[in-house]
Amino acid sequence: MLHLPRPGAGGIALLLVAVVLLGTLPGIAAAEQRTGGSIVVEDGETVSEDLTAFGGTVVVRGTVDGDVTAFAGTVIIEPGGEVTGSVEATAGTVRIAGNVGGAATATGGNVFITETATIDDNLEVAAGTIVLAGAVAGTANLAGGSITLTSTASVDGNVEYATGEDGEFTNEGASVGGSVVQNENLSTGSGFDGPDIGAPLVGLYGFLVNVLVGGLLLLVVPDTSRRIANRVEDDPLMTGAAGLLALIGIPIGAALIAITIIGIPVTIAVLVAYALAVWIATVYGRYAVGATVLSYTDVENRWADLLVGLGIVAVLVRIPAIGGVFEFVVALLGLGAMAGLLSQFVRGQGGPEAPEQTEAAASA
């Protein structure tokens, strides 16, 4: 059986570099990145560059002078909110009620373009439920199980839609400058062909990336993974509370650092590390879910814990209404367990991974 050596600083650095490289796979590059439970561009606030956001809820009430790329449980551009560039949103629910100066691409369970929304270019959507009630200056490509064009909807170009065999398309009297055509081979700008495979492709991609990240974590720091799972299983309420405190407290602390003379460089470093930690926490949370479930069986294998946890979360997050909440809670558990171990280490109680523990974990 292979016995892995305890990782030193070089191994941990290699892990971090690998995780960062994995994060660049979708080709997402933005001048500003925000991560957290609730990310809000407030009324009167202007983000003067492209914005990439990862969180439980992403809300734009103010102005983003550039593109918005958002991955969240819920993404909302409120009435009065403005994005001067394009919007790409992947979420359980996407609601656009403000102004989008470029194209809008949305993938999710439910997508609503309300009657106050204006999109100055093309609209492309792949979702379970789609309601279009606003104004689109270009064309609209809509792939979903239920698609509704309300009487207030206005599309200057063509409308192409796909509903699959059991789906439903309803036009309540929308104003369409071009033609309205059903096209079951519809290709949306999100890279998905039709409603039946779009969302699964997004889920599959995220699942595979998390498998790679989780595998690296198990190989490089196996005992840390075990300790995190134990923390979640032993005291999930306190662990989740610690995760919520870390999720809110770290950005506040970074903001306080920023007001000092040397604070801005430190703040940037803290926020980059924070974003990375939140991502790793989501993977650790899934691992802990799998470990907890398999603790009721005779299976004792860390790789099985990872795959089962990833699989369970991948299924449950697709449940309407509660899926996003469940995913958020899992992330809090992972973040709280990581914060607890870090606190122990700072107090000198964590110590290095014991050789016999590492050997036992490596042989699993």
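Residues numbered from 1 in each chain as written. Predicted model: local features only at pLDDT ≥ 70, side-chain atom pairs only at ≥ 80, totals over all residues. Heavy atoms only, no water.

*Asks:* Could you give an account of the overall build of the protein chain, with specific residues and numbers?
*Replies:* Of regular secondary structure, the protein chain possesses eight helices and 18 strands. Out of the 364 residues in the protein chain, the part that is buried amounts to 41%. When contacts within the protein chain are restricted to residue pairs at least 6 apart in sequence, long-range pairs at least 24 apart make up 31% of them. Here the protein chain has roughly 17200 Å² of accessible surface; of this, 62% comes from carbon and sulfur atoms. (Helix = DSSP H or I, 4+ residues; strand = E, 2+ residues; numbered from the N terminus. Buried < 20%, exposed > 50% of the residue type's maximum accessible area, 1.4 Å probe, protein only. Contact = heavy atoms within 4.5 Å. Areas by Shrake-Rupley, 256 points an atom, 1.4 Å probe, with all protein chains shown as cover.)

*Asks:* Can you break down the side chain of Thr 239 residue by residue, with the values?
*Replies:* Following the sequence through the fold, Thr 239 ends up in helix 4 (residues 236-258). Discounting residues that sit within four places of it in the chain, Thr 239 has contacts with Arg 231, Val 232, Leu 332, Leu 333, Gly 336 and Ala 337.

*Asks:* Tell me what's going on with the pairing of strand 15 (residues 159-162), and back it up with residues and numbers.
*Replies:* Within a regular beta strand, the side chains point alternately toward one face of the sheet and then the other, so they alternate between its two faces. Bridge count between strand 13 (residues 140-149) and strand 15: four bridges; the pairing is parallel. In the sheet register, Leu 142 faces strand 15, and the bridge partner there is Tyr 161. (Pairing = 2+ DSSP bridges.)

*Asks:* So, the environment of Thr 116: which residues are in play, and what are the values?
*Replies:* Along the chain, the position of Thr 116 falls in the loop between strand 9 (104-113) and strand 10 (118-119). Linking Thr 116 and Glu 78, residues 38 residues apart in sequence, is a C-alpha distance of 9.0 Å. Each residue touching Thr 116, except ones within four places of it in the same chain, is listed here: Pro 79, Ala 97, Gly 98 and Asn 99. Side-chain polar atoms of Thr 116 contact the backbone oxygen of Ala 97, separated by 2.6 Å. A distance of 3.1 Å separates the side chain of Thr 116 from the side chain of Thr 114, its partner in a polar contact. (Polar contact = N/O pair within 3.5 Å; in protein donor to acceptor, adjacent residues only side chain to side chain.)

*Asks:* Give me the lowdown on the pairing of strand 7 (residues 87-96), citing residues and values where you can.
*Replies:* One ladder, built from nine bridges, connects strand 5 (residues 68-77) with strand 7; its direction is parallel. Across the sheet, Phe 71 pairs through a bridge with Thr 90, a residue of strand 7. Two strands pair when backbone bridges link them, and strand 7 and strand 9 are joined in this way by nine bridges, in the parallel orientation. Following the sheet pairing, Val 87 is matched in strand 9 by Ala 104.

*Asks:* Account for a negative patch on the surface, naming residues and giving values.
*Replies:* Together, Asp 65, Glu 82, Asp 120 and Asp 121 make up a region of like negative charge exposed at the surface. Locating Asp 65 in the fold gives a position in the loop between strand 4 (63-64) and strand 5. Here Asp 65 falls in the partly exposed class, since its relative accessible area comes to 44%. (Patch = residues over 30% accessible without salt bridge, like charges linked within 9 Å, V, L, I, M, F, W, Y side chains within 5 Å. Salt bridge = Lys/Arg side-chain N within 4 Å of Asp/Glu carboxyl O. Lys, Arg positive; Asp, Glu negative; His and termini not counted. Charge placed at Lys NZ, Arg CZ, Asp CG, Glu CD.)

*Asks:* Which residues make up the nonpolar core, and what values go with them?
*Replies:* Residues Leu 123, Leu 132 and Leu 142 are the most contacted members of the largest nonpolar core, which totals 41 residues. Only strand 1 (32-41), strand 3 (51-60), strand 5, strand 7, strand 9, strand 11 (123-132), strand 13 and strand 15 provide two or more residues apiece to this core. Excluding anything up to four places from it in sequence, Leu 132 contacts Ile 113, Leu 123, Ala 140, Leu 142, Thr 148, Leu 149, Thr 150, Ala 153 and Val 155. Counting residues in each nonpolar core, the second largest holds 21 residues, with Ile 228, Ala 229, Ile 280 and Leu 333 among its members. (Core = buried A, V, L, I, M, F, W, Y, C linked by side-chain atoms within 4.5 Å.)

*Asks:* Before we move on, could you go through the packing of helix 3 (residues 222-234) against helix 7 (residues 323-346) and cite the residues and values that matter?
*Replies:* Close contact between helix 3 and helix 7 brings their axes to 9 Å; oriented N to C, the two are set at 115°. Relative to helix 7, the element helix 3 is oriented roughly perpendicular. Helix 7 is crossed by helix 3, and the crossing has right-handed handedness. In this structure, helix 3 uses Thr 224, Arg 227, Ile 228, Arg 231 and Val 232 to contact helix 7, whose residues at the interface are Leu 333, Ala 337, Met 338, Gly 340, Leu 341 and Gln 344. Broken down by class, the residue content of the contact of helix 3 with helix 7 amounts to six nonpolar, three polar and two charged. (Axes fitted to C-alpha atoms, helices over the stretch in contact; angles between N-to-C directions. Parallel < 35°, antiparallel > 145°, perpendicular 65-115°, else oblique. Left-handed = near helix turned anticlockwise from the far one by under 90°. Nonpolar A, V, L, I, M, F, W, Y, C, P; charged D, E, K, R; others polar.)

*Asks:* A description of the pattern of salt bridges should follow, citing residues and the corresponding values.
*Replies:* A side chain with one charge may pair with a side chain of the opposite charge, provided their charged atoms come close. In this structure the tally under the stated criterion is five salt bridges. The residue Glu 78 makes a salt bridge to Arg 61 at a minimum N-O spacing of 3.0 Å. Of the two residues, Glu 78 is situated in the loop between strand 5 and strand 6 (82-83) and Arg 61 in the loop between strand 3 and strand 4; the sequence distance between them amounts to 17 residues. Judged by relative accessible area, which is 23%, Glu 78 ranks as partly exposed. A residue is classified by how much of its surface remains accessible, and Arg 61, at 30% relative accessible area, is partly exposed. Close ionic contact of Arg 227 with Asp 223 constitutes a salt bridge, the shortest N to O distance being 2.9 Å. A residue pair is termed a helical-turn pair when its members lie 3 or 4 positions apart in one helix, as Arg 227 and Asp 223 do in helix 3 at four residues. Of the residues examined, Asp 223 reaches a relative accessible area of 0% and is grouped as buried. Among the charged side chains, a salt-bridge network with shared partners connects Glu 42, Arg 61 and Glu 78.

*Asks:* Tell me about helix 6 (residues 302-316), residues and numbers included.
*Replies:* Its 15 residues place the ends of helix 6 21 Å apart at the C-alpha level, agreeing with the 21 Å of an ideal helix rising 1.5 Å per residue. Residues of helix 6 that are buried: Arg 302, Asp 305, Leu 306, Gly 309, Leu 310 and Val 313. Looking straight down helix 6, one finds that the buried residues subtend no more than 120° of arc, so they occupy a single side. Between the side-chain oxygen of the N-cap and the backbone nitrogen of Trp 303 there are 2.8 Å, and the N-cap of helix 6 in question is Asn 301. (Expected span 1.5 Å × (residues − 1). Arc of directions from axis to C-beta.)

*Asks:* Give me the environment of Thr 239: which residues, what numbers.
*Replies:* According to the relative accessible area criterion, Thr 239 is buried, its value standing at 8%. Residues Thr 239 and Leu 333, spaced 94 residues apart in sequence, show a C-alpha to C-alpha distance of 5.6 Å.

Remember that the coordinates give geometry; whether it matters functionally is a separate question.
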